[in-house]
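So the chains spell out like this:
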Amino acid sequence: MPDSRWTSCVPILASLWCVGLLSVLAGCSQEAPIITYQVPTKMPAVLAAEDTRMIAAILPQKDQAWFFKIMGRESAVDSIDDTFREFVENIEFEDGKPNLDSVPSDWRKGAARTMRFASFDINTPVQQLDLSVSQLTRMDDWSELVVMNVNRWRKQVGLAESQKEWASAETMTWSGLELDEFADVPAIWVDVTGKASDSGPPMMAGGAPFASMAGGPNGGGTADAAADPHAGLPRDAQEAIEQAKASGASMPAAKEKAFPKESASDDAPKSDPALDFDRPEGWRDGRMSMMRMAAFNAGPEESSAEITVITAGGDLRGNVARWMGQVEGGQPDDADVDQALESAEKLTVAGRDAQRFILHPKDEDSQATSIDATIVPLENDFSLFIKMVGPADVIADQDEAMRSFLKSLKY
């Protein structure tokens with residue numbers, strides 16, 4: 001006979017089970033509570049995209065132009081700009097090379113890189129910056145070299161080319177100009193800020209600068225620009241440098257191959273085919289460069305004048321003042337510039353109105369440098385510059401030859 005205690009408990013347990021099941025089923029029918037989240041709409045500062053800032057200096061030596069350049073996030077560069085400028089303003093050269101023993105103590109020498117003389121890593125709270133030190137063979141026309149390099153740097157930070165003097169860079173105080181007998185041109189300070197193309201996400205503090213950047217003009221983006229101080233030069237020039245270095249040539253030899261001093265060989269650049277002219281008797285082939293449409297030498301071999309033809313920007317007064325400064329060795333007075341502008345010879349060159357300026361030093365030394373320059377306005381604020389630089393007596397002797405050359409020009 002079954003135990004009456006268990007028999008009586010079964011209905012009770014069943015009832016409790018049903019009550020629990022009904023409670024669960026009742027709970028499932030209730031709507032889930034609504035949970036509210038706050039999503040920030042403003043990107044944290046550490047992740048926000050920043051403009052790219054580049055600061056650089058171009059310092060002259062007898063045969064070389066030296067480049068000191070830093071490029072990175074604007075806030076990172078802002079934190080070291082004063083220190084960097086003080087460093088380059090006081091740097092000294094020994095046997096044509098910079099003495100880098102005086103760098104700030106917290107700058108660390110970086111790994112050797114192709115096409116560089118030296119590298120330094122500079123830590124900031126925002127980003128590790130890279131200082132590149134490099135050199136190129138110096139062109140005879142310092143302004144050409146400066147404009148070419150500053151404008152390619154402007155492109156690296158997303159800015160358009162500048163047609164102003166020195167491509168909107170500025171001259172800077174540098175102690176070496178007072179000590180170096182070969183420094184006959186100004187040191188240049190470059191400070192540009194913009195949005196670099198293909199900039200990608202910002203780098204975190206301590207990361208390799210621009211490591212995530214790729215693409216961009218000339219087959220390399222900002223990463224290439226940071227690693228290669230000469231990024232943006234024509235491909236044939238870069239290939240010439242790489243080939244020369246691969247063959248074991250020294251850095252100066254590699255640069256000389258890319259930018260030869262002489263143009264007598266068959267491989268040397270020729271005059272621009274868009275330019276037509278009759279060469280005066282006695283004018284010899286001169287040294288061509290990437291910006292020169294034609295180049296000649298005239299007068300005695302030992303003291304010849306150099307004639308160049310280029311296209312460039314810049315306002316009339318600025319160019320004349322710069323040439324006067326080259327002749328006199330200092331900043332000309334405004335009154336003297338006004339007088340030069342008023343006395344300019346008006347003539348027609350290549351079917352266009354032009355002005356010719358013959359600038360001699362005030363001391364009337366026959367061997368002092370003089371300039372004979374003609375400016376022919378073109379479209380888009382550019383001009384054709386026909387310039388002869390050399391001893392005053394040679395410039396005077398070549399006056400008629402220059403007149404016949406200008407008369408024959410077609411462009």
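Residues numbered from 1 in each chain as written. Predicted model: local features only at pLDDT ≥ 70, side-chain atom pairs only at ≥ 80, totals over all residues. Heavy atoms only, no water.

What follows deals with the confidence of the model for the protein. Reading fine detail from the predicted coordinates is not recommended where pLDDT is low. Averaged over all residues, the pLDDT of the protein is 76; the fraction at 70 or higher stands at 67%. Counted against residues more than four places away or in other chains, residues 198-227, with its pLDDT under 50, gives 62 contacts. Segment residues 248-268 is flagged for pLDDT under 50; beyond a separation of four residues in sequence, or across chains, it makes 40 contacts in the model. (pLDDT = per-residue confidence, 0-100. Contact = heavy atoms within 4.5 Å.)

Next up on the list: the sheet that holds strand β12 (residues 305-312). In spatial order, the strands read β10-β11-β12-β16-β15-β14-β13; together these seven strands make up an open sheet with antiparallel pairing. In this open sheet, the two strands that pair with only one neighbour each are β10 (284-285) and β13 (345-349). Sheet topology places β10 next to strand β11 (residues 292-298); two bridges connect them, and they run antiparallel. Counterpart to Arg284 in the pairing with β11 is Asn297. Relative to the sheet, helix α9 (residues 316-328) contacts β14 (352-359), β15 (369-377) and β16 (383-391), its axis offset from that of β15 by approximately 170°. (Pairing = 2+ DSSP bridges. Helix = DSSP H or I, 4+ residues; strand = E, 2+ residues; numbered from the N terminus. Axes fitted to C-alpha atoms, helices over the stretch in contact; angles between N-to-C directions.)

Spatially, the seven strands line up as an open sheet ordered β5-β6-β7-β2-β1-β9-β8, and their pairing is antiparallel. Looking at strand neighbours, the two that pair on one side only are β5 (108-109) and β8 (170-172), the edges of this open sheet. Sheet topology note: the strand β1 (residues 52-60)/strand β9 (residues 187-194) ladder contains seven bridges and is antiparallel. Paired with Ile58 across the two strands is Ile188, which belongs to β9. Each of β1, β2 (64-73), β7 (128-137) and β9 is contacted by helix α4 (residues 142-156), which is oriented at about 165° to β1, the strand it contacts most.

For the rest of this paragraph, the subject is the pairing of β14. Where β13 and β14 come together, five bridges link them in antiparallel fashion. Bridge pairing in β14 links Glu345 to Arg356. The loop that links β13 with its antiparallel partner β14 comprises two residues; one of these, Ala350, has a positive phi angle of about 55°. Strand direction decides the pairing type here: β14 and β15, joined by five bridges, are antiparallel. The residue bridging Gln355 from the neighbouring strand is Ile375, located in β15.

Tracing the backbone through its elements, the reader meets Val327 in helix α9. Taking the C-alpha atoms as reference, Val327 lies 5.9 Å from Ser370; in sequence the two are 43 residues apart. Sequence-distant contacts of Val327, that is, excluding residues within four places in its chain, are made with Leu359, His360, Pro361, Thr369, Ser370 and Ile371.

Moving on, we come to helix α3 (residues 81-89). When we look at burial in α3, the residues that qualify are Asp81, Phe84, Phe87 and Val88. Projected down its long axis, α3 shows its buried positions confined to an angular sector of 125°, all on one face. Residues of α3 that are exposed and point more than 90 degrees away from the buried face comprise Asp82 and Glu86. (Buried < 20%, exposed > 50% of the residue type's maximum accessible area, 1.4 Å probe, protein only. Arc of directions from axis to C-beta.)

Another aspect to go through is the packing of aromatic side chains. This model, assessed by the stated rule, comprises 13 aromatic pairs. Summarising the aromatic geometry, the rings of Phe87 and Trp107 are spaced 5.4 Å apart at their centres and angled 75° between planes, so their arrangement reads as edge-to-face. Taken as a pair, Phe87 in helix α3 and Trp107 in the loop between β4 (97-98) and β5 lie far apart in primary sequence, 20 residues in all. For the residue pair Phe87 and Trp107, the accessibility class agrees, reading buried in each case. Arranged with centres 5.7 Å apart and planes meeting at 75°, the rings of Phe296 and Phe405 form a pair that is edge-to-face. Note that Phe296 is positioned in strand β11 and Phe405 in helix α12 (residues 399-408), a separation of 109 residues in sequence. Phe296 sits in the buried class, given a relative accessible area of 1%. (Phe/Tyr/Trp six-rings, centres within 6.5 Å; stacked < 30°, edge-to-face > 60°.)

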